[in-house]
Amino acid sequence: MIEPREMRDSMGHYASGITIITGYDHLGPIGFTCQSFYSVSLEPPLISFSVMTLSGSYPRIRATGRFCVNVLAQDQSELSNRFARRGSDKWAGVEWGPTAAGNPVLDHTLLWVDCETVAEYEAGDHYIVVGAVRELSPLGWHSGDPLVFFKGNYRHLRSHERPVRAWIVDEEGY
């Protein structure tokens with residue numbers, strides 16, 4: 001049997017970006033840090049994220065049926081840590097503006113994706129949430145580099161070489 005710590009340590013060798021999932025309800029803004037986020041489909045435009053079933057913030061977002069994914073820039077590790085904690089005022093001093101649907105867009109993020117929830121699946125100790133993209137940050141919203149999580153630590157991209165554009169196409173054409 002694979003132990004949870006073994007799974008976590010092994011999967012930590014897969015680098016990922018960091019996001020903050022936000023929403024807004026009658027109590028005000030809601031948000032939590034999430035590193036499990038990806039594009040699902042281009043036609044129609046769908047994304048997905050995973051969240052722990054024990055999350056205190058997600059039930060409020062679920063009830064609204066909409067959310068915004070804020071992809072963090074390399075200098076936003078403190079913001080990531082703030083939204084990963086329970087029981088604190090995550091929003092104190094945080095600058096943000098609303099999407100057309102009213103979800104919070106955090107200032108200075110790399111990009112944001114505003115969505116309507118279209119499906120949710122329970123998978124072990126997490127929910128897999130699928131969202132239909134309703135609004136995107138404009139191209140050029142932020143031209144910086146992403147905040148990356150690897151082996152349990154935040155990392156920054158660093159390269160002495162010119163970036164090379166990579167296209168990954170599977171048998172399905174994506």
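The paragraphs below set out a description of the structure included in this document. (Residues numbered from 1 in each chain as written. Predicted model: local features only at pLDDT ≥ 70, side-chain atom pairs only at ≥ 80, totals over all residues. Heavy atoms only, no water.)

### Re the environment of valine 130
Note that valine 130 resides in strand β10 (residues 126-136). Residue class for valine 130 comes out buried when judged on its relative accessible area of 13%. Ignoring any residue separated from it by four or fewer positions in sequence, one finds valine 130 in contact with Leu46, Ile47, Ser48, Glu116, Thr117, Val118, Ala119 and Tyr121. (Helix = DSSP H or I, 4+ residues; strand = E, 2+ residues; numbered from the N terminus. Buried < 20%, exposed > 50% of the residue type's maximum accessible area, 1.4 Å probe, protein only. Contact = heavy atoms within 4.5 Å.)

### Details of the sheet that holds strand β11 (residues 147-150)
Note: strands within a sheet are paired through backbone hydrogen bonds, in either parallel or antiparallel orientation. The three strands lie next to each other as β1-β11-β12, forming an open sheet whose pairing is antiparallel. The sheet is open, and its two borders are formed by β1 (16-17) and β12 (153-156), each paired with just one other strand. With four bridges joining them, β11 and β12 adopt antiparallel strand pairing. Bridged to phenylalanine 149 within β12 is tyrosine 154. (Pairing = 2+ DSSP bridges.)

### Quick look at the environment of serine 80
The topology assignment puts serine 80 in helix α3 (residues 77-84). For serine 80, a relative accessible area of 1% corresponds to the buried category. Excluding its chain neighbours within four sequence positions, the residues that come into contact with serine 80 are Ile18, Ile20, Thr33, Leu72, Leu147 and Tyr154. A polar side-chain atom of serine 80 sits 2.6 Å from a polar atom in the side chain of tyrosine 154. (Polar contact = N/O pair within 3.5 Å; in protein donor to acceptor, adjacent residues only side chain to side chain.)

### Here we look at the nonpolar core
Ile21, Phe32, Phe49, Tyr58 and Phe67 are the most contacted members of the largest nonpolar core, which has 18 residues in total. Elements supplying a minimum of two residues to this core: β3 (28-34), β5 (46-52), α2 (58-64), β6 (66-71), β9 (111-123) and β10. Contacts of isoleucine 21, omitting those with residues within four sequence positions, involve Ile30, Gly31, Phe32, Cys34, Phe49, Ile61, Phe67, Cys68 and Val69. Core analysis: the second largest hydrophobic core is formed by nine residues, Leu72, Phe83, Trp91 and Val94 among them. (Core = buried A, V, L, I, M, F, W, Y, C linked by side-chain atoms within 4.5 Å.)

### Thoughts on the pattern of salt bridges
Summed over the entire model, instances satisfying the criterion amount to four salt bridges. Between glutamate 120 and arginine 62 there is a salt bridge whose closest N-O contact spans 3.1 Å. Pair noted here: glutamate 120 is in strand β9 and arginine 62 is in helix α2, with a separation of 58 residues, a long-range link. Overall, arginine 62 belongs to the partly exposed group, its relative accessible area being 34%. (Salt bridge = Lys/Arg side-chain N within 4 Å of Asp/Glu carboxyl O.)

### Topic: the packing of aromatic side chains
Applying the stated criterion across every chain yields a total of nine aromatic pairs. Ring geometry for phenylalanine 49 versus phenylalanine 67: centroids 5.0 Å apart, planes at 80 degrees, classification edge-to-face. Residue phenylalanine 49 is found in strand β5, and its partner phenylalanine 67 is found in strand β6; the two are separated by 18 residues along the sequence. Per residue, the accessibility class of phenylalanine 49 equals that of phenylalanine 67, and both read buried. (Phe/Tyr/Trp six-rings, centres within 6.5 Å; stacked < 30°, edge-to-face > 60°.)

### Remarks on the pairing of β3
Among the seven residues in β3, five count as buried, and that is most of the element. Bridging between strand β2 (residues 19-25) and β3 involves seven bridges; their strand directions are antiparallel. Bridge assignment links threonine 19 to a residue of β3, and that residue is cysteine 34. As consecutive antiparallel partners, β2 and β3 are separated by two residues.

### Here we look at unusual backbone geometry
Residue proline 44 follows glutamate 43 across a cis peptide bond; omega there is -5 degrees. Position of proline 44 among the secondary structure elements: in the loop between β4 (37-41) and β5.

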